[in-house]
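Chain by chain, the residues:
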Amino acid sequence: MVSRWTAAITAVLAIFALACEGGAEGGQPPPPPDSPRPGLPSSIAALGDSITTGFGSCLTLAACQRNSWATGSSSRVDSIYRRLLEANPAIRGNVRNEASNGARVGALADQAADAVRRKADYVTVLVGANDACRTRIEDMTEVRTFRESLDRGLRVLKEGRPRAQVLVVSIPDLYRLWEIGHDDERAVRAWGNRICPSLLANPTSTAEVDKTRRSTFRARIDAYNKELSAACRAYGSRCRYDGGAVHRVRFSLDMVNRLDYFHPNVDGQNKLAEVAWRASGLARRAD
């Protein structure tokens, strides 16, 4: 009798031990906490201009990458990087911000080459504001040239990291900035320091020449966004355009810094991150 009970207990313990060793699903042990999560990138790089460097978001007119909507590590901004980190700890530290202040679309190829060297799995692209923000309307980058440079930059990514995922973000509605700020004395004073003169010069003027200049600027941004969409579509299934989501954001002056009344502050960077994250399609995979 004792031997039968002993044998039964031994069998139960053996089964329990096998179950513990095999894990709860499929007989496989659970993955270590920092192992890559399938379907989510384990490295990220951001390309673009001063919006992506976080310029002006740290109380000085300088880059502040820790507050970047794309790659920021600060707890003040729920960046795409921080959102990915919460879902996929393997991405920790594997982040590069290749954006540079004043960059135009012509700089995209070199930035993309850096992202390739860093073996980025996920790449964000936000570029074009500086191509329109020139001294004169005549100096704005031609639409055809914009597209050629854009395609060249994206081609570097596609050839160097063919399996990387790319998020192309629309250019914010800079014309709205004039709409909400041209009757604010502080904003007008800041813009007098040659902030995007092709749009913001003579901001209070109602002269026909100034109205024409602003509408021309607005149309050029719209044209750039169409090319961003088309270039991403031509790239293929690994590229996703935000569908104009960032451009449609109805931001307020509370979302730009108080030094130049142009670049996003922390609230503005958070809004960019929120909208871009929703448009990226990553949220569904991260849940």
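For clarity, every value in this text was computed on a predicted model and none was experimentally measured. (Residues numbered from 1 in each chain as written. Predicted model: local features only at pLDDT ≥ 70, side-chain atom pairs only at ≥ 80, totals over all residues. Heavy atoms only, no water.)

Undergrad: Help me understand unusual backbone geometry, please; the structure alone is not making it clear to me.
TA: Only a minority of non-glycine residues have a phi that is not negative, and only a minority of peptide bonds are not trans. For Arg-194, which is not glycine, the phi dihedral falls at a positive 60 degrees. Here Arg-194 lies in the loop between α8 (185–191) and α9 (197–200). Using a relative accessible area of 56% as the deciding quantity, one classes Arg-194 as exposed. Of note in the backbone geometry, Asn-202 takes a positive phi value of approximately 45 degrees without being a glycine. Among the structural elements, Asn-202 can be located in the loop between α9 and α10 (208–235). (Helix = DSSP H or I, 4+ residues; strand = E, 2+ residues; numbered from the N terminus. Buried < 20%, exposed > 50% of the residue type's maximum accessible area, 1.4 Å probe, protein only.)

Undergrad: Please clarify how the nonpolar core should be interpreted in this entry.
TA: One recurring pattern in soluble globular proteins: nonpolar side chains tend to sit buried together. Residues Trp-69, Ile-80, Leu-157, Leu-200 and Phe-217 are the most contacted members of the largest nonpolar core, which totals 75 residues. The leading source of residues in this core is α10, at 7 residues. Beyond its immediate chain neighbours, meaning those up to four positions away, Leu-200 contacts Leu-177, Trp-178, Trp-191, Ile-195, Arg-213 and Phe-262. (Core = buried A, V, L, I, M, F, W, Y, C linked by side-chain atoms within 4.5 Å. Contact = heavy atoms within 4.5 Å.)

Undergrad: I tried to follow empty space enclosed by the protein on my own but got confused; where do I start?
TA: One pass over the full model with this rule turns up 2 cavities of 30 Å³ or more. Within this model, the largest cavity holds a volume of roughly 210 Å³. Of all the secondary-structure elements, those providing two or more residues to the lining of the largest cavity are α7 (174–181) and α11 (266–280). At 3 residues, the largest contribution of residues to the lining of the largest cavity is made by α11. Considered class by class, the residues forming the lining of the largest cavity number 12 nonpolar, 2 polar and 1 charged. Here the second largest cavity is characterised by a volume of approximately 30 Å³. The wall of the second largest cavity is formed by Asp-49, Ser-50, Ile-51, Ala-129, Asn-130, Phe-262 and His-263. Tallied by class, the residues present in the lining of the second largest cavity amount to 3 nonpolar, 3 polar and 1 charged. (1 Å grid on protein atoms, 1.4 Å probe; cavity = no way out; pocket = protein on both sides within 12 Å on 5 of 7 lines; lining within 4 Å. Points joined across faces, edges and corners; volume = space filled by probe spheres on them. Nonpolar A, V, L, I, M, F, W, Y, C, P; charged D, E, K, R; others polar.)

Undergrad: How should I be thinking about the packing of aromatic side chains in this particular structure?
TA: Using the criterion set out here, one finds 2 aromatic pairs in the structure. Where Phe-146 meets Tyr-224, the ring centres are 4.2 Å apart and the plane angle is 10 degrees; that geometry is what we call stacked. Here Phe-146, found in helix α6 (residues 143–160), pairs with Tyr-224, found in helix α10; they are 78 residues apart in sequence, far enough to count as distant. No difference in accessibility class separates Phe-146 from Tyr-224, as the two residues are buried. The interplanar angle of 45 degrees and the centroid separation of 5.5 Å between the aromatic rings of Tyr-175 and Trp-178 together place this pair among those described as tilted. Remark: Trp-178 and Tyr-175 occur in helix α7; sequence separation between them is 3 residues, near one turn of the helix. Residue Tyr-175 is classed as buried on the basis of its relative accessible area, which comes to 14%. Positioned over the ring face of Phe-251 is Arg-176, at 5.9 Å from the centre of the ring. (Phe/Tyr/Trp six-rings, centres within 6.5 Å; stacked < 30°, edge-to-face > 60°. Lys NZ or Arg CZ within 6 Å of the ring centre and 35° of its normal.)

Undergrad: Sorry if this is basic, but what is going on with the confidence of the model for the protein here?
TA: Detailed reading of the predicted model is not advised wherever pLDDT is low. Mean pLDDT over the protein stands at 91; residues scoring 70 or higher make up 87%. In the predicted structure, residues 5–27 sits below a pLDDT of 50 and forms 5 contacts with residues beyond four places in sequence or in another chain. (pLDDT = per-residue confidence, 0-100.)

Undergrad: Just checking my understanding: could you explain helix α3 (residues 80–87) for this structure?
TA: Within α3, 6 of the 8 residues are buried, leaving the element largely enclosed by the surrounding structure. Residues of α3 that are buried in the fold lie against β1 (44–48), β2 (95–97), β3 (122–126), β4 (165–168), α11 and α12 (282–286).

Undergrad: How should the packing of α6 against α10 be read in this particular structure?
TA: A pair of packed helices is characterised by two quantities: the angle between their axes and the separation of those axes. Axis separation between α6 and α10 bottoms out at 10 Å; the angle between their running directions is 30 degrees. Judged by the angle between their axes, α6 and α10 are roughly parallel. In terms of crossing hand, the pair formed by α6 and α10 is right-handed. Within the contact between the two elements, α6 uses Val-143, Phe-146, Arg-147, Leu-150, Asp-151, Leu-154, Leu-157 and Lys-158 and α10 uses Arg-220, Ala-223, Tyr-224, Glu-227, Leu-228, Ala-230, Ala-231, Ala-234 and Tyr-235. A class-by-class count of the residues in the contact of α6 with α10 yields 12 nonpolar, no polar and 5 charged. (Axes fitted to C-alpha atoms, helices over the stretch in contact; angles between N-to-C directions. Parallel < 35°, antiparallel > 145°, perpendicular 65-115°, else oblique. Left-handed = near helix turned anticlockwise from the far one by under 90°.)

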